[in-house]
Amino acid sequence: MAQDVWILGISMTRFGKHRDKDNIDLAAEAAAAALADAGVTMRDVGVLATGSLTGGSSSFGQLLQKQIGQTGIPVFNVANACATGATALRVAIMAIRAGETDIGMAVGVEKLAGAGLLGAPGQAPAGDGTWSRRGRFGAVAPLEGRVGTDSMPGVFAQIGLEYGHRYGGASFELFARIAEKNHAHSTLNPLAAYSRRFTLDEIMNDVMIAYPNTRPMCSANCDGAAAAVVVSGSRLRRMSPEQRRRAVKVSASVLTSDPWQDGCQVLPDVNTLTRSAATQAYEQAGIGPQELDLVELHDCFATAELVHYDNLMLCAPGEAVGFFESGATWRDGKTPVNVSGGLESKGHPIAATGIANIWEICHHLRGEAGDRQIAGARVGLAHVIGLGSACGVHVLEKAAA
Amino acid sequence: MAERIPLVDYLVLGGEPQLVAQECEQCSARFFDRRNACASCGAAAFRAVTVPREGTVHTFSIVSMAPPGVPVPFVAAVVDCGGTRVRGCLVNVEPRPENVTLGMKVRLTTVPVGADSAGVEAVGYGFEPV
(Lines give C-alpha, C1' and ligand atoms only; values in the text may rest on other atoms or scores of the structure.)
Protein backbone atom coordinates (compact mmCIF):
# COMPACT_ATOMS: atom_id res chain seq x y z
CA MET A 1 0.00 0.00 0.00
CA ALA A 2 1.42 3.36 -1.01
CA GLN A 3 2.02 6.03 1.61
CA ASP A 4 -0.74 8.50 2.39
CA VAL A 5 0.46 12.05 1.74
CA TRP A 6 -0.44 15.29 3.52
CA ILE A 7 0.00 18.99 2.89
CA LEU A 8 2.15 20.08 5.83
CA GLY A 9 2.68 23.70 4.86
CA ILE A 10 1.45 25.90 2.04
CA SER A 11 1.57 29.54 1.02
CA MET A 12 0.93 31.98 -1.77
CA THR A 13 2.24 35.49 -2.30
CA ARG A 14 -0.16 38.30 -2.99
CA PHE A 15 -1.11 38.06 -6.68
CA GLY A 16 -0.81 41.26 -8.69
CA LYS A 17 2.03 43.54 -9.79
CA HIS A 18 5.37 43.03 -8.04
CA ARG A 19 7.53 45.52 -9.92
CA ASP A 20 10.48 45.24 -7.56
CA LYS A 21 10.60 41.43 -7.44
CA ASP A 22 11.66 38.89 -10.06
CA ASN A 23 10.56 35.27 -10.41
CA ILE A 24 13.29 34.07 -8.02
CA ASP A 25 12.29 36.62 -5.36
CA LEU A 26 8.65 35.60 -5.53
CA ALA A 27 9.41 31.86 -5.57
CA ALA A 28 11.78 32.27 -2.60
CA GLU A 29 9.15 34.24 -0.69
CA ALA A 30 6.50 31.54 -1.26
CA ALA A 31 8.93 28.70 -0.49
CA ALA A 32 10.18 30.25 2.74
CA ALA A 33 6.61 30.90 3.87
CA ALA A 34 5.54 27.33 3.05
CA LEU A 35 8.50 25.92 5.02
CA ALA A 36 7.66 28.17 7.99
CA ASP A 37 4.01 27.15 7.75
CA ALA A 38 5.09 23.49 7.76
CA GLY A 39 7.48 23.95 10.69
CA VAL A 40 10.40 22.42 8.76
CA THR A 41 13.53 23.71 6.98
CA MET A 42 15.18 22.99 3.61
CA ARG A 43 17.35 20.45 5.50
CA ASP A 44 14.20 18.35 5.99
CA VAL A 45 13.10 18.47 2.34
CA GLY A 46 14.07 15.45 0.22
CA VAL A 47 12.76 16.49 -3.17
CA LEU A 48 12.02 19.81 -4.87
CA ALA A 49 9.77 20.28 -7.92
CA THR A 50 9.47 23.71 -9.50
CA GLY A 51 7.76 25.33 -12.46
CA SER A 52 7.95 28.76 -14.09
CA LEU A 53 7.11 29.33 -17.74
CA THR A 54 8.48 32.87 -17.55
CA GLY A 55 11.40 31.96 -15.30
CA GLY A 56 13.84 32.05 -18.19
CA SER A 57 15.78 28.96 -17.15
CA SER A 58 15.50 25.23 -17.71
CA SER A 59 17.08 24.81 -14.28
CA PHE A 60 14.87 27.28 -12.44
CA GLY A 61 14.65 25.05 -9.36
CA GLN A 62 18.41 25.19 -8.94
CA LEU A 63 18.32 29.00 -9.15
CA LEU A 64 15.71 28.91 -6.39
CA GLN A 65 17.85 26.58 -4.26
CA LYS A 66 20.67 29.16 -4.39
CA GLN A 67 18.34 31.53 -2.53
CA ILE A 68 16.74 29.16 -0.03
CA GLY A 69 19.28 26.41 0.55
CA GLN A 70 21.45 24.15 -1.63
CA THR A 71 21.16 20.80 0.06
CA GLY A 72 21.98 18.52 -2.86
CA ILE A 73 18.51 17.00 -3.17
CA PRO A 74 17.01 16.03 -6.53
CA VAL A 75 15.25 18.88 -8.33
CA PHE A 76 12.58 18.39 -10.98
CA ASN A 77 11.95 21.35 -13.30
CA VAL A 78 8.52 20.79 -14.76
CA ALA A 79 6.35 22.46 -17.39
CA ASN A 80 2.75 21.59 -18.25
CA ALA A 81 1.19 24.86 -19.44
CA CYS A 82 -1.37 26.16 -16.94
CA ALA A 83 -1.21 22.85 -15.04
CA THR A 84 2.50 23.34 -14.24
CA GLY A 85 1.97 24.01 -10.53
CA ALA A 86 -0.27 21.00 -10.06
CA THR A 87 2.27 18.91 -11.96
CA ALA A 88 5.10 20.05 -9.65
CA LEU A 89 2.99 19.10 -6.66
CA ARG A 90 2.14 15.77 -8.25
CA VAL A 91 5.86 15.04 -8.71
CA ALA A 92 6.57 15.71 -5.01
CA ILE A 93 3.62 13.53 -4.01
CA MET A 94 4.76 10.70 -6.30
CA ALA A 95 8.25 10.82 -4.80
CA ILE A 96 6.78 10.33 -1.33
CA ARG A 97 4.40 7.60 -2.47
CA ALA A 98 7.32 5.86 -4.13
CA GLY A 99 9.09 5.85 -0.77
CA GLU A 100 12.06 7.92 -1.99
CA THR A 101 11.64 10.59 0.66
CA ASP A 102 9.33 11.72 3.47
CA ILE A 103 9.09 15.43 2.74
CA GLY A 104 8.91 17.25 -0.58
CA MET A 105 8.26 20.78 -1.78
CA ALA A 106 6.58 22.12 -4.91
CA VAL A 107 6.91 25.72 -6.06
CA GLY A 108 5.28 27.56 -8.97
CA VAL A 109 5.88 31.18 -9.96
CA GLU A 110 5.19 33.56 -12.82
CA LYS A 111 5.77 37.18 -13.80
CA LEU A 112 2.91 37.97 -16.13
CA ALA A 113 1.65 41.44 -15.17
CA GLY A 114 0.95 43.32 -18.40
CA ALA A 115 1.58 40.27 -20.59
CA GLY A 116 -1.49 40.87 -22.76
CA LEU A 117 -3.00 38.30 -25.07
CA LEU A 118 -1.70 34.74 -24.67
CA GLY A 119 -1.73 31.97 -27.25
CA ALA A 120 -1.77 33.67 -30.63
CA PRO A 121 1.47 34.41 -32.49
CA GLY A 122 1.62 37.65 -34.45
CA GLN A 123 1.99 37.99 -38.20
CA ALA A 124 5.60 37.22 -39.04
CA PRO A 125 7.32 39.17 -41.85
CA ALA A 126 7.34 37.42 -45.20
CA GLY A 127 11.10 36.72 -45.24
CA ASP A 128 12.55 37.23 -48.71
CA GLY A 129 9.17 38.27 -50.04
CA THR A 130 8.13 34.99 -51.67
CA TRP A 131 5.77 32.41 -50.20
CA SER A 132 7.33 29.42 -48.51
CA ARG A 133 5.57 26.65 -46.60
CA ARG A 134 6.12 26.29 -42.87
CA GLY A 135 4.94 24.06 -40.06
CA ARG A 136 2.77 21.00 -40.04
CA PHE A 137 -0.03 22.58 -42.06
CA GLY A 138 2.40 23.72 -44.74
CA ALA A 139 1.14 27.28 -44.27
CA VAL A 140 2.50 30.10 -46.43
CA ALA A 141 1.27 32.79 -43.99
CA PRO A 142 0.32 32.99 -40.31
CA LEU A 143 -3.04 31.34 -39.66
CA GLU A 144 -4.36 33.48 -36.79
CA GLY A 145 -7.48 35.21 -38.09
CA ARG A 146 -7.25 33.33 -41.41
CA VAL A 147 -8.03 29.84 -40.11
CA GLY A 148 -9.89 30.55 -36.88
CA THR A 149 -7.97 31.45 -33.74
CA ASP A 150 -5.41 30.11 -31.31
CA SER A 151 -5.89 33.00 -28.88
CA MET A 152 -6.90 31.74 -25.45
CA PRO A 153 -9.99 33.98 -25.08
CA GLY A 154 -11.24 32.85 -28.50
CA VAL A 155 -10.53 29.16 -27.93
CA PHE A 156 -12.32 29.10 -24.56
CA ALA A 157 -15.19 31.20 -25.94
CA GLN A 158 -15.76 28.42 -28.47
CA ILE A 159 -15.53 25.79 -25.74
CA GLY A 160 -18.29 27.56 -23.78
CA LEU A 161 -20.56 28.12 -26.79
CA GLU A 162 -20.05 24.50 -27.83
CA TYR A 163 -21.56 23.46 -24.50
CA GLY A 164 -24.44 25.84 -25.12
CA HIS A 165 -24.92 24.38 -28.59
CA ARG A 166 -25.09 20.86 -27.17
CA TYR A 167 -27.36 21.54 -24.21
CA GLY A 168 -28.91 25.00 -24.75
CA GLY A 169 -29.27 28.05 -22.56
CA ALA A 170 -25.68 29.29 -22.42
CA SER A 171 -26.10 32.96 -23.30
CA PHE A 172 -23.69 35.90 -23.17
CA GLU A 173 -25.53 37.07 -20.04
CA LEU A 174 -25.21 33.70 -18.34
CA PHE A 175 -21.43 33.67 -18.84
CA ALA A 176 -21.25 37.28 -17.61
CA ARG A 177 -23.14 36.23 -14.45
CA ILE A 178 -20.45 33.64 -13.74
CA ALA A 179 -17.84 36.41 -13.85
CA GLU A 180 -20.12 38.55 -11.65
CA LYS A 181 -20.05 35.78 -9.02
CA ASN A 182 -16.27 35.38 -9.07
CA HIS A 183 -15.61 39.12 -8.86
CA ALA A 184 -18.08 39.33 -5.96
CA HIS A 185 -16.21 36.51 -4.21
CA SER A 186 -12.86 38.25 -4.71
CA THR A 187 -13.85 41.19 -2.51
CA LEU A 188 -13.13 38.96 0.51
CA ASN A 189 -9.68 37.85 -0.69
CA PRO A 190 -6.85 40.19 0.37
CA LEU A 191 -4.34 38.31 -1.84
CA ALA A 192 -6.36 38.68 -5.08
CA ALA A 193 -4.94 40.76 -7.93
CA TYR A 194 -8.35 42.42 -8.36
CA SER A 195 -10.94 42.54 -5.62
CA ARG A 196 -13.55 44.91 -6.96
CA ARG A 197 -17.17 43.91 -7.38
CA PHE A 198 -18.55 44.46 -10.91
CA THR A 199 -22.20 44.87 -11.83
CA LEU A 200 -23.56 42.63 -14.57
CA ASP A 201 -23.90 45.70 -16.82
CA GLU A 202 -20.29 46.66 -16.24
CA ILE A 203 -19.14 43.17 -17.18
CA MET A 204 -21.29 42.96 -20.32
CA ASN A 205 -20.35 46.45 -21.51
CA ASP A 206 -16.63 46.21 -20.84
CA VAL A 207 -14.15 45.77 -23.70
CA MET A 208 -15.02 42.69 -25.78
CA ILE A 209 -12.00 40.40 -26.13
CA ALA A 210 -13.54 37.37 -27.84
CA TYR A 211 -17.33 37.10 -27.81
CA PRO A 212 -18.82 36.19 -25.40
CA ASN A 213 -15.77 36.91 -23.18
CA THR A 214 -15.33 40.57 -22.22
CA ARG A 215 -12.23 41.70 -20.33
CA PRO A 216 -13.53 41.01 -16.78
CA MET A 217 -14.54 37.52 -17.98
CA CYS A 218 -10.89 36.68 -18.78
CA SER A 219 -8.25 35.49 -16.32
CA ALA A 220 -6.04 38.28 -15.05
CA ASN A 221 -2.37 38.14 -16.07
CA CYS A 222 -0.38 38.95 -12.94
CA ASP A 223 2.72 38.13 -10.90
CA GLY A 224 2.65 35.63 -8.09
CA ALA A 225 4.03 32.46 -6.54
CA ALA A 226 2.75 29.58 -4.47
CA ALA A 227 4.51 26.73 -2.68
CA ALA A 228 3.49 23.59 -0.82
CA VAL A 229 5.36 21.23 1.51
CA VAL A 230 4.07 17.67 1.49
CA VAL A 231 4.83 14.91 3.99
CA SER A 232 4.27 11.17 4.28
CA GLY A 233 1.66 9.94 6.76
CA SER A 234 4.26 7.93 8.70
CA ARG A 235 6.51 10.97 9.16
CA LEU A 236 3.56 13.18 10.06
CA ARG A 237 2.57 10.81 12.87
CA ARG A 238 5.92 11.60 14.54
CA MET A 239 5.38 15.36 14.31
CA SER A 240 3.92 17.82 16.82
CA PRO A 241 0.19 17.91 17.65
CA GLU A 242 0.01 21.37 16.04
CA GLN A 243 1.54 20.10 12.78
CA ARG A 244 -0.83 17.12 12.77
CA ARG A 245 -3.85 19.30 13.49
CA ARG A 246 -3.13 21.68 10.62
CA ALA A 247 -2.06 19.04 8.09
CA VAL A 248 -4.47 18.54 5.19
CA LYS A 249 -4.84 15.09 3.69
CA VAL A 250 -4.25 14.64 -0.05
CA SER A 251 -7.08 12.18 -0.59
CA ALA A 252 -6.59 12.14 -4.36
CA SER A 253 -3.90 13.42 -6.70
CA VAL A 254 -4.53 12.86 -10.40
CA LEU A 255 -2.97 14.12 -13.61
CA THR A 256 -4.41 13.29 -17.04
CA SER A 257 -3.77 14.22 -20.68
CA ASP A 258 -6.09 14.18 -23.69
CA PRO A 259 -7.27 10.82 -24.87
CA TRP A 260 -8.05 10.82 -28.59
CA GLN A 261 -11.43 12.38 -29.31
CA ASP A 262 -12.90 13.17 -32.69
CA GLY A 263 -12.37 16.88 -33.33
CA CYS A 264 -9.96 17.42 -30.43
CA GLN A 265 -7.18 18.56 -32.76
CA VAL A 266 -9.41 21.19 -34.32
CA LEU A 267 -10.66 22.64 -31.03
CA PRO A 268 -9.05 21.49 -27.77
CA ASP A 269 -11.31 19.15 -25.82
CA VAL A 270 -10.99 20.23 -22.18
CA ASN A 271 -13.95 18.08 -21.19
CA THR A 272 -12.89 14.47 -21.60
CA LEU A 273 -9.61 14.67 -19.68
CA THR A 274 -11.22 16.68 -16.87
CA ARG A 275 -14.05 14.19 -16.51
CA SER A 276 -11.50 11.38 -16.52
CA ALA A 277 -9.36 13.08 -13.85
CA ALA A 278 -12.42 13.78 -11.70
CA THR A 279 -13.65 10.20 -12.00
CA GLN A 280 -10.25 8.86 -10.92
CA ALA A 281 -10.00 11.42 -8.09
CA TYR A 282 -13.43 10.60 -6.63
CA GLU A 283 -12.56 6.92 -6.77
CA GLN A 284 -9.15 7.40 -5.10
CA ALA A 285 -10.66 9.57 -2.37
CA GLY A 286 -13.78 7.49 -1.88
CA ILE A 287 -15.64 10.80 -1.97
CA GLY A 288 -18.43 11.90 -4.31
CA PRO A 289 -18.98 15.35 -5.79
CA GLN A 290 -22.01 15.89 -3.52
CA GLU A 291 -19.71 15.74 -0.48
CA LEU A 292 -17.50 18.66 -1.57
CA ASP A 293 -17.72 21.73 0.66
CA LEU A 294 -15.90 23.91 -1.86
CA VAL A 295 -14.28 23.73 -5.29
CA GLU A 296 -11.57 25.81 -6.90
CA LEU A 297 -11.80 25.13 -10.64
CA HIS A 298 -9.94 26.51 -13.65
CA ASP A 299 -12.02 29.54 -14.68
CA CYS A 300 -9.39 30.86 -17.08
CA PHE A 301 -12.44 32.39 -18.79
CA ALA A 302 -16.06 32.64 -17.66
CA THR A 303 -16.95 30.34 -20.56
CA ALA A 304 -14.64 27.66 -19.12
CA GLU A 305 -16.17 27.64 -15.63
CA LEU A 306 -19.55 26.53 -16.97
CA VAL A 307 -18.27 23.40 -18.72
CA HIS A 308 -16.27 22.30 -15.69
CA TYR A 309 -19.38 22.21 -13.45
CA ASP A 310 -20.41 19.36 -15.72
CA ASN A 311 -16.93 17.85 -16.21
CA LEU A 312 -16.30 17.67 -12.46
CA MET A 313 -19.78 16.15 -12.08
CA LEU A 314 -20.94 18.88 -9.70
CA CYS A 315 -24.22 18.66 -11.63
CA ALA A 316 -25.94 16.05 -13.80
CA PRO A 317 -24.70 15.79 -17.42
CA GLY A 318 -25.99 18.71 -19.49
CA GLU A 319 -27.32 20.55 -16.43
CA ALA A 320 -24.54 23.12 -15.86
CA VAL A 321 -26.69 26.11 -16.82
CA GLY A 322 -29.50 25.21 -14.41
CA PHE A 323 -26.93 24.34 -11.74
CA PHE A 324 -25.40 27.82 -11.96
CA GLU A 325 -28.79 29.53 -12.12
CA SER A 326 -29.83 27.75 -8.91
CA GLY A 327 -27.16 29.76 -7.09
CA ALA A 328 -25.32 26.55 -6.11
CA THR A 329 -21.88 27.91 -6.93
CA TRP A 330 -22.10 31.19 -5.01
CA ARG A 331 -20.30 31.13 -1.64
CA ASP A 332 -23.59 30.63 0.21
CA GLY A 333 -24.74 27.91 -2.22
CA LYS A 334 -24.68 24.12 -2.14
CA THR A 335 -21.26 23.77 -3.82
CA PRO A 336 -19.32 27.05 -3.57
CA VAL A 337 -17.02 27.43 -6.58
CA ASN A 338 -14.03 29.79 -6.70
CA VAL A 339 -14.62 31.58 -3.42
CA SER A 340 -11.07 32.94 -3.89
CA GLY A 341 -12.37 35.00 -6.82
CA GLY A 342 -10.97 32.51 -9.29
CA LEU A 343 -8.54 33.24 -12.07
CA GLU A 344 -10.76 36.07 -13.34
CA SER A 345 -10.11 38.21 -10.24
CA LYS A 346 -7.58 36.48 -7.99
CA GLY A 347 -5.36 36.27 -11.06
CA HIS A 348 -3.56 33.61 -13.07
CA PRO A 349 0.24 33.58 -12.72
CA ILE A 350 0.33 30.37 -14.73
CA ALA A 351 2.71 28.03 -12.90
CA ALA A 352 1.56 29.27 -9.48
CA THR A 353 -2.12 28.63 -10.17
CA GLY A 354 -2.13 24.87 -9.62
CA ILE A 355 -0.71 25.32 -6.10
CA ALA A 356 -2.55 28.53 -5.20
CA ASN A 357 -5.92 26.82 -5.72
CA ILE A 358 -4.83 24.12 -3.25
CA TRP A 359 -3.72 26.84 -0.82
CA GLU A 360 -7.25 28.26 -0.99
CA ILE A 361 -8.83 24.88 -0.20
CA CYS A 362 -6.37 24.20 2.65
CA HIS A 363 -7.06 27.63 4.10
CA HIS A 364 -10.74 26.74 4.48
CA LEU A 365 -10.17 23.18 5.69
CA ARG A 366 -7.86 24.55 8.40
CA GLY A 367 -10.49 27.11 9.37
CA GLU A 368 -8.04 29.93 8.65
CA ALA A 369 -9.83 31.71 5.78
CA GLY A 370 -11.01 34.67 7.82
CA ASP A 371 -13.87 36.69 6.31
CA ARG A 372 -14.34 34.32 3.42
CA GLN A 373 -14.25 31.10 5.48
CA ILE A 374 -16.74 28.47 4.28
CA ALA A 375 -18.09 27.38 7.65
CA GLY A 376 -17.32 23.81 8.65
CA ALA A 377 -15.49 22.95 5.41
CA ARG A 378 -14.08 19.41 5.56
CA VAL A 379 -13.55 18.39 1.91
CA GLY A 380 -12.49 20.40 -1.14
CA LEU A 381 -11.40 19.86 -4.73
CA ALA A 382 -8.86 21.82 -6.78
CA HIS A 383 -8.77 21.58 -10.59
CA VAL A 384 -6.50 23.02 -13.29
CA ILE A 385 -6.25 22.69 -17.05
CA GLY A 386 -3.14 23.32 -19.08
CA LEU A 387 -4.22 23.64 -22.69
CA GLY A 388 -2.87 21.04 -25.04
CA SER A 389 -3.86 19.47 -22.61
CA ALA A 390 -3.02 18.46 -19.03
CA CYS A 391 -5.52 18.30 -16.20
CA GLY A 392 -4.72 18.16 -12.51
CA VAL A 393 -7.33 17.31 -9.89
CA HIS A 394 -6.62 17.13 -6.15
CA VAL A 395 -9.14 16.20 -3.46
CA LEU A 396 -8.23 17.47 0.01
CA GLU A 397 -9.61 16.57 3.44
CA LYS A 398 -9.38 18.17 6.84
CA ALA A 399 -7.39 16.19 9.44
CA ALA A 400 -9.66 13.89 11.45
CA ALA A 401 -8.17 14.82 14.82
CA MET B 1 -3.48 34.71 -65.13
CA ALA B 2 -1.21 34.91 -62.07
CA GLU B 3 -0.19 31.70 -60.38
CA ARG B 4 -2.32 30.81 -57.31
CA ILE B 5 -1.20 28.68 -54.37
CA PRO B 6 -3.23 27.51 -51.36
CA LEU B 7 -2.63 28.99 -47.89
CA VAL B 8 -2.31 25.51 -46.40
CA ASP B 9 -1.46 22.05 -47.73
CA TYR B 10 -4.96 20.68 -47.10
CA LEU B 11 -6.68 23.27 -49.31
CA VAL B 12 -6.93 22.26 -52.97
CA LEU B 13 -7.75 25.02 -55.43
CA GLY B 14 -9.43 24.49 -58.78
CA GLY B 15 -12.90 25.06 -60.14
CA GLU B 16 -14.41 24.41 -56.72
CA PRO B 17 -12.13 24.68 -53.67
CA GLN B 18 -11.82 21.47 -51.64
CA LEU B 19 -10.44 20.57 -48.23
CA VAL B 20 -8.57 17.28 -48.24
CA ALA B 21 -8.02 15.44 -44.95
CA GLN B 22 -5.63 12.60 -44.20
CA GLU B 23 -7.71 9.67 -43.03
CA CYS B 24 -6.23 6.79 -41.06
CA GLU B 25 -6.58 3.61 -43.13
CA GLN B 26 -7.15 1.56 -39.99
CA CYS B 27 -9.57 3.59 -37.81
CA SER B 28 -10.74 6.42 -40.15
CA ALA B 29 -9.65 9.24 -37.81
CA ARG B 30 -9.10 12.39 -39.87
CA PHE B 31 -6.30 14.96 -39.68
CA PHE B 32 -5.40 18.15 -41.49
CA ASP B 33 -1.74 18.43 -40.50
CA ARG B 34 1.32 16.34 -41.34
CA ARG B 35 1.20 13.11 -39.34
CA ASN B 36 3.79 10.61 -38.16
CA ALA B 37 1.13 8.16 -37.02
CA CYS B 38 -2.51 8.18 -36.05
CA ALA B 39 -3.26 9.84 -32.70
CA SER B 40 -6.22 7.53 -32.26
CA CYS B 41 -4.86 4.05 -33.07
CA GLY B 42 -1.16 4.45 -33.87
CA ALA B 43 -1.33 3.14 -37.43
CA ALA B 44 0.92 4.91 -39.91
CA ALA B 45 -0.95 4.65 -43.23
CA PHE B 46 -3.29 7.39 -44.39
CA ARG B 47 -5.44 8.05 -47.46
CA ALA B 48 -6.50 11.45 -48.79
CA VAL B 49 -10.24 12.09 -48.48
CA THR B 50 -12.26 15.06 -49.67
CA VAL B 51 -14.29 16.78 -46.96
CA PRO B 52 -17.85 17.87 -47.84
CA ARG B 53 -17.96 21.55 -48.81
CA GLU B 54 -21.10 22.27 -46.83
CA GLY B 55 -21.52 22.06 -43.10
CA THR B 56 -23.02 23.57 -39.96
CA VAL B 57 -21.51 25.92 -37.39
CA HIS B 58 -20.54 23.76 -34.40
CA THR B 59 -19.20 26.66 -32.32
CA PHE B 60 -17.71 30.12 -32.82
CA SER B 61 -16.26 33.22 -31.21
CA ILE B 62 -16.02 36.76 -32.50
CA VAL B 63 -12.43 37.68 -31.85
CA SER B 64 -11.95 41.39 -31.17
CA MET B 65 -8.43 41.36 -29.78
CA ALA B 66 -5.53 39.91 -31.75
CA PRO B 67 -1.79 40.35 -32.19
CA PRO B 68 -0.60 43.28 -34.34
CA GLY B 69 -1.26 42.75 -38.03
CA VAL B 70 -4.33 40.54 -37.61
CA PRO B 71 -7.47 42.45 -38.71
CA VAL B 72 -10.31 42.33 -36.15
CA PRO B 73 -13.04 41.56 -35.54
CA PHE B 74 -13.22 38.15 -37.21
CA VAL B 75 -15.46 35.15 -36.63
CA ALA B 76 -13.45 32.08 -35.60
CA ALA B 77 -15.44 28.89 -35.87
CA VAL B 78 -15.52 25.13 -35.94
CA VAL B 79 -17.66 23.81 -38.76
CA ASP B 80 -19.06 20.30 -38.85
CA CYS B 81 -18.71 19.18 -42.48
CA GLY B 82 -20.63 15.92 -42.70
CA GLY B 83 -19.11 14.62 -39.46
CA THR B 84 -15.61 16.05 -39.96
CA ARG B 85 -14.83 19.07 -37.79
CA VAL B 86 -12.94 21.84 -39.57
CA ARG B 87 -11.40 24.99 -38.16
CA GLY B 88 -11.97 28.14 -40.16
CA CYS B 89 -13.31 31.68 -40.17
CA LEU B 90 -16.83 32.63 -41.14
CA VAL B 91 -16.69 35.13 -44.00
CA ASN B 92 -19.13 37.26 -45.99
CA VAL B 93 -21.07 37.90 -42.80
CA GLU B 94 -20.92 40.98 -40.56
CA PRO B 95 -19.05 39.87 -37.41
CA ARG B 96 -21.84 40.49 -34.92
CA PRO B 97 -23.33 37.90 -32.54
CA GLU B 98 -26.84 38.28 -33.97
CA ASN B 99 -25.58 37.24 -37.40
CA VAL B 100 -24.11 33.91 -36.34
CA THR B 101 -26.16 31.08 -34.92
CA LEU B 102 -25.03 27.68 -33.78
CA GLY B 103 -26.10 25.09 -36.30
CA MET B 104 -26.36 27.60 -39.18
CA LYS B 105 -25.57 26.22 -42.63
CA VAL B 106 -22.37 27.36 -44.30
CA ARG B 107 -20.25 26.41 -47.31
CA LEU B 108 -16.58 26.52 -48.19
CA THR B 109 -15.32 29.49 -50.15
CA THR B 110 -11.94 31.02 -50.96
CA VAL B 111 -10.43 34.15 -49.45
CA PRO B 112 -7.52 36.08 -51.03
CA VAL B 113 -4.42 36.32 -48.80
CA GLY B 114 -2.22 38.47 -51.04
CA ALA B 115 0.55 38.24 -53.62
CA ASP B 116 4.28 37.79 -53.03
CA SER B 117 7.11 39.64 -54.78
CA ALA B 118 6.94 37.18 -57.71
CA GLY B 119 3.25 37.91 -58.21
CA VAL B 120 2.12 34.53 -56.88
CA GLU B 121 -1.26 34.83 -55.17
CA ALA B 122 -1.89 32.92 -51.96
CA VAL B 123 -5.50 31.87 -51.45
CA GLY B 124 -7.05 30.87 -48.14
CA TYR B 125 -10.48 29.58 -47.24
CA GLY B 126 -13.44 30.45 -45.10
CA PHE B 127 -17.05 29.43 -44.67
CA GLU B 128 -19.91 31.66 -45.82
CA PRO B 129 -23.62 31.43 -44.95
CA VAL B 130 -25.57 29.35 -47.45
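Residues numbered from 1 in each chain as written. Chains lettered and ligands numbered in written order. Predicted model: local features only at pLDDT ≥ 70, side-chain atom pairs only at ≥ 80, totals over all residues. Heavy atoms only, no water.

Focus: the interface of chain B and chain A
Many descriptions give the size of an interface as the accessible area lost when the pieces come together. The line we're drawing: Working rule for contacts: check all heavy atoms of both residues, and any pair within 4.5 Å makes them a contact. Summed over both partners, the accessible area lost on bringing two parts together, with a 1.4 Å probe, is the buried area. Salt-bridge detection follows one rule: a side-chain nitrogen of Lys or Arg within 4 Å of a carboxyl oxygen of Asp or Glu. Only DSSP runs of H or I with at least four residues qualify as helices, and only runs of E with at least two residues qualify as strands; both kinds are numbered from the N terminus onward. Note on residue categories: nonpolar means Ala, Val, Leu, Ile, Met, Phe, Trp, Tyr, Cys or Pro, charged means Asp, Glu, Lys or Arg, and polar means any other residue, Gly included. One requirement defines pairing of two strands: DSSP has to find at least two bridges between them.
Across the contact, 53 residues belong to chain B and 43 residues belong to chain A. Here chain B and chain A share an interface that buries about 4100 Å² over both sides, 60% of which is from carbon and sulfur atoms. Among the residues chain B hides against chain A, the three largest losses belong to Leu7(B), Met65(B) and Arg87(B). Together they make up 17% of the total. In this structure, the connection of chain B to chain A is made through three salt bridges. For the side of chain B that touches chain A, the elements supplying multiple residues, two or more each, are strand E1 (4–6), strand E4 (30–31), strand E6 (54–63), strand E7 (74–81), strand E8 (84–90), strand E9 (105–115) and strand E10 (121–129) of chain B. A total of seven residues in the side of chain B that touches chain A trace back to one element, the largest contributor, which is E6(B). Per-class residue counts for the side of chain B that touches chain A are 32 nonpolar, 12 polar and nine charged. As paired elements, strand E5 (residues 208–211) of chain A and E6(B) share two bridges and run antiparallel to each other. Opposite Tyr211(A), over in E6(B), you have Ile62(B) as the bridge partner.

Digging into the packing of aromatic side chains
The criterion, for reference: Any two of the Phe, Tyr and Trp rings considered here, Trp counted by its six-membered ring, make a pair once their centres fall within 6.5 Å; the pair's planes then place it as stacked at under 30 degrees, edge-to-face at over 60, or tilted in between. Think of it in three bands: with a 1.4 Å probe and only protein chains considered, a residue is buried below 20% of the maximum accessible area for its type, exposed above 50%, and partly exposed in between. Here, a charge over a ring means that NZ of Lys or CZ of Arg falls within 6 Å of the ring centre while also lying within 35 degrees of the ring normal.
For the structure shown, the criterion picks out 12 aromatic pairs over all chains. Aromatic pair Phe137(A) and Tyr10(B): ring centres 5.9 Å apart, planes at 65°, arrangement edge-to-face. Taken as a pair, Phe137(A) in the loop between strand E4 (103–110) and helix H4 (152–167) and Tyr10(B) in the loop between E1 and strand E2 (11–12) lie in two separate chains rather than in one. Among the residues examined, Phe137(A) registers a relative accessible area of 31% and is labelled partly exposed. Under the relative-accessibility criterion, Tyr10(B) is labelled buried at 6%. With a centroid separation of 5.5 Å and 75° between ring planes, the pair formed by Tyr309(A) and Phe323(A) is classed as edge-to-face. Remark: Phe323(A) occurs in helix H11 (residues 320–325) and Tyr309(A) occurs in helix H10 (residues 302–311); sequence separation between them is 14 residues. Its relative accessible area of 8% is what places Phe323(A) among the buried residues. Connected via pairs of aromatic rings, a cluster forms that spans Phe137(A), Tyr10(B), Phe32(B), Tyr125(B) and Phe127(B). A cation over an aromatic ring shows up here: Arg196(A) above the ring of Phe198(A), its NZ or CZ 4.2 Å from the ring centre.

Side note on the pairing of E8(B)
All names here are of chain B. Among the seven residues in E8, six count as buried, and that is most of the element. Relative to E8, E7 is paired through seven bridges, and the arrangement is antiparallel. Across the sheet, Cys81 pairs through a bridge with Thr84, a residue of E8. Where E7 folds back onto E8 in an antiparallel hairpin, the turn is made up of two residues, including Gly82, whose phi is positive at roughly 60°.

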